[in-house]
Amino acid sequence: MDRYQFEDLISDYIENNLSMSQRKQVEAYLEENPEAKHQIKSVKQAMASMKSMPGISTSAEFMNNLNRRITSEKEAKSVVKSTRSFAGYTPLMASLSAVVVIAVVMLGLEFMPESSNQATFTPAMTEQQINDLPVLPLKTNDSMLAESEEDSTNYDEDNPVKRNFDDKIQLVGDKRP
Amino acid sequence: MTDEFSYSDEELIARFQDGDEQAYVELVNRYRNRLMTFVYRFVNDMEKAEDIVQDTLMKLYTHGHYYRNIAKFSTWIYTIAGNFAKTELRRKKRHKVTNLSQMGFDDREYQLPSVEPETGETAQGHFAEKKIQMAIQELPLHFRTVVILRDIQELSYEEISKIVDVPLGTVKSRINRARLQLQQSLKEFK
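Residues numbered from 1 in each chain as written. Chains lettered and ligands numbered in written order. Predicted model: local features only at pLDDT ≥ 70, side-chain atom pairs only at ≥ 80, totals over all residues.

Draft legend 1. Just the overall build of chain B, in detail. What chain B contains, in helices and strands, is eight helices and zero strands. When the helices and strands of chain B are placed in sequence order, the string is α-α-α-α-α-α-α-α. Taking all 190 residues of chain B together, 34% fall into the buried category. Relative to all contacts within chain B whose residues are 6 or more apart in sequence, the contacts with residues 24 or more apart total 63%. (Helix = DSSP H or I, 4+ residues; strand = E, 2+ residues; numbered from the N terminus. Buried ≥ 20, exposed ≤ 12 C-beta atoms within 10 Å, placed from the backbone. Contact = placed C-beta atoms within 7 Å.)

What follows is the structure, given as structure tokens:
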């Protein structure tokens, strides 16, 4: 064991925190080095001196001062609490928030384009394109009906006309030509 | 009827968290002098030490609800006081109000905790106390904190490790080094 190893173990030796083998090593070192014995004694004295130092008390005014600080802390808290009456906002904050909201709405209305206030649609074709479309012959409903060979008004319920669809229908698997 | 003084610190802080201010007063009475001793030995200034203890106990009042019963109450309160004390020393160092390391032994001012008239014996005791206090001030901050907590406040190594938030082995090593340095300083002052 050298001096540095010994010094590392001084506190543990004094406080009896060494293993048996370590303790024997330290004691062997102490036997060989009388100055090390003296060092142990000095460290023990320093520790005892520290321990014997008187405790320090707070001054007589300490509690009064502390109570004063606590009272002002409580007062500050109660002021904050009493002003928080609008859903967690102070009146000032609530007023400012309301003003900001109103201002945003007003500005929004002011700068909104006029067209956006009316119902509008964008035509898919321009006026020119519409004009260029081919003109279809105008026919009345009557003339269109007249062109039809038959319509539901001519249907005779008593003598229904039988129609032969044999040559028009071909079923799946039908071998007919 | 349960005696109020039978409550543990942890029970008292729990009662305070539930709104019992009497529990707070009891904690203050238990800790103000202990903290005062710790902080005074650390900053070496009675006025500053008292301010720091006040700040610590005010923090207990305003932030008591932050304490969780995962550590001892004493660990928590010493940590707060230690942080305030370190901040004060850093501030003091920045402003360069005093620089003890540049002064000789006789130049240094010491504020004694007592103003009672001294008899021969008490004067000798105060002289010895001055020497030790000066030797403590010469220690680096990380040595000073741990050695005060161990040899003056008599806290366990485990608790000190939690207060200063360093591993147990480091705490033991620092305390050992601090004691060796103190022993050397006290030998020089003789």
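After that view, the rundown keeps rolling.
Draft legend 2. Local environment of the overall build of chain A. If you tally the helices and strands in chain A, you get eight helices and zero strands. Each helix and strand of chain A, ordered N terminal to C terminal, gives the series α-α-α-α-α-α-α-α. The buried share of chain A, taken over its 177 residues, is 6%.

Draft legend 3. Spatial organisation of the nonpolar core. Residue and element names in this part refer to chain B. With 53 residues, the main nonpolar core has Leu 27, Val 39 and Ala 81 as its most contacted residues. It is helix α2 (residues 21-43) that provides the largest number of residues to this core, a total of twelve residues. Structurally, this core is a two-domain feature, drawing no fewer than three residues from each of domain 1 (1-97) and domain 2 (112-190). (Core = buried A, V, L, I, M, F, W, Y, C linked by C-beta atoms within 7 Å. Domains from an automatic or database assignment.)

Draft legend 4. Inspection of the packing of helix α6 (residues 141-152) of chain B against helix α7 (residues 157-164) of chain B at higher detail. Residues and elements named next belong to chain B. Two elements in contact, α6 and α7, have axes whose closest approach is 10 Å; the angle formed by their N-to-C orientations is 145 degrees. The interaxial crossing formed by α6 with α7 has right-handed handedness. Contact residues: Thr 145, Val 146, Leu 149 and Arg 150 in α6; Ile 160, Ile 163 and Val 164 in α7. Looking at the contact of α6 with α7 residue by residue, the classes come out as five nonpolar, one polar and one charged. (Axes fitted to C-alpha atoms, helices over the stretch in contact; angles between N-to-C directions. Left-handed = near helix turned anticlockwise from the far one by under 90°. Nonpolar A, V, L, I, M, F, W, Y, C, P; charged D, E, K, R; others polar.)

Draft legend 5. Looking closely at unusual backbone geometry. All names here are of chain B. Within the chain, Glu 154 stands out as a residue other than glycine whose phi angle is a positive 60 degrees. The phi dihedral of Asp 165 falls on the positive side, at around 60 degrees, and the residue is not glycine. Note that Asp 165 resides in the loop between α7 and α8 (168-189).

Draft legend 6. Just the interface of chain A and chain B, in detail. At the junction of the two partners, chain A supplies 23 residues and chain B supplies 28 residues. Within the residue set of the side of chain A that touches chain B, elements represented by two or more residues are α1 (3-8), α2 (10-14), α4 (34-52) and α5 (62-83) of chain A.

Draft legend 7. Representation of α2(B). Where α2(B) bends most, at Tyr31(B), the angle is about 40 degrees. Immediately beyond the C-terminal end of α2(B), within one or two residues, lies Asn44(B), with a positive phi of roughly 60 degrees. (Bend = angle between axes of the 7 residues up to and from the residue.)

Draft legend 8. Up close: the environment of Phe38(B). All names here are of chain B. Relative to the helices and strands, Phe 38 is located in helix α2. Sequence separation between Phe 38 and Gly 82 is 44 residues; the distance between their C-alpha atoms is 8.4 Å. Not counting the four nearest positions on each side in its chain, Phe 38 is found in contact with Tyr 78, Ala 81, Ile 148 and Gln 153.

Draft legend 9. How the structure looks around the confidence of the model for chain B. Here chain B shows a mean pLDDT of 85. Residues at 70 or above account for 81%. Interface predicted TM-score (ipTM) for the complex: 0.78; the corresponding pTM is 0.66. (pLDDT = per-residue confidence, 0-100.)

Draft legend 10. Spotlight on α6(B). Residue and element names in this part refer to chain B. The first and last C-alpha atoms of α6 sit 16 Å apart over twelve residues, in line with the 16 Å expected at 1.5 Å per residue. In terms of residue burial, α6 counts as a mostly covered element, since ten of its twelve residues are buried. Along α6, the residues that are buried comprise Phe 143, Arg 144, Thr 145, Val 146, Val 147, Ile 148, Leu 149, Arg 150, Asp 151 and Ile 152. One or two residues past the end of α6 sits Glu 154, with phi positive at roughly 60 degrees. (Expected span 1.5 Å × (residues − 1).)

Draft legend 11. Structural view of the packing of α2(B) against helix α4 (residues 73-95) of chain B. All names here are of chain B. Where α2 contacts α4, the axes come no closer than 10 Å and their chain directions differ by 30 degrees. On the basis of their axis angle, the class for α2 and α4 is roughly parallel. Note on packing geometry: the crossing formed by α2 with α4 is right-handed. Between α2 and α4, the contacting residues are Tyr 31, Leu 35, Phe 38, Val 39, Phe 42 and Val 43 on the first element and Ile 77, Tyr 78, Ala 81, Ala 85, Glu 88 and Leu 89 on the second. (Parallel < 35°, antiparallel > 145°, perpendicular 65-115°, else oblique.)

Draft legend 12. How the structure looks around the environment of Ile40(A). All names here are of chain A. Along the chain, the position of Ile 40 falls in helix α4. Residue class for Ile 40 comes out partly exposed when judged on the 17 C-beta atoms lying within 10 Å of it. Considering only alpha carbons, one finds Ile 40 and Ile 10, 30 residues apart in sequence, at a separation of 6.8 Å. When sequence neighbours within four positions are dropped, the list of residues in contact with Ile 40 reads Ile 10, Ile 14 and Leu 30.

Draft legend 13. Representation of the environment of Gln17(B) within the structure. Residues and elements named next belong to chain B. Residue position: Gln 17 is located in helix α1 (residues 9-17). With 16 C-beta atoms counted inside 10 Å, the residue Gln 17 sits in the partly exposed group. Sequence separation between Gln 17 and His 65 is 48 residues, and the spatial gap between their C-alpha atoms is 5.6 Å. Excluding anything up to four places from it in sequence, Gln 17 contacts Gly 64 and His 65.

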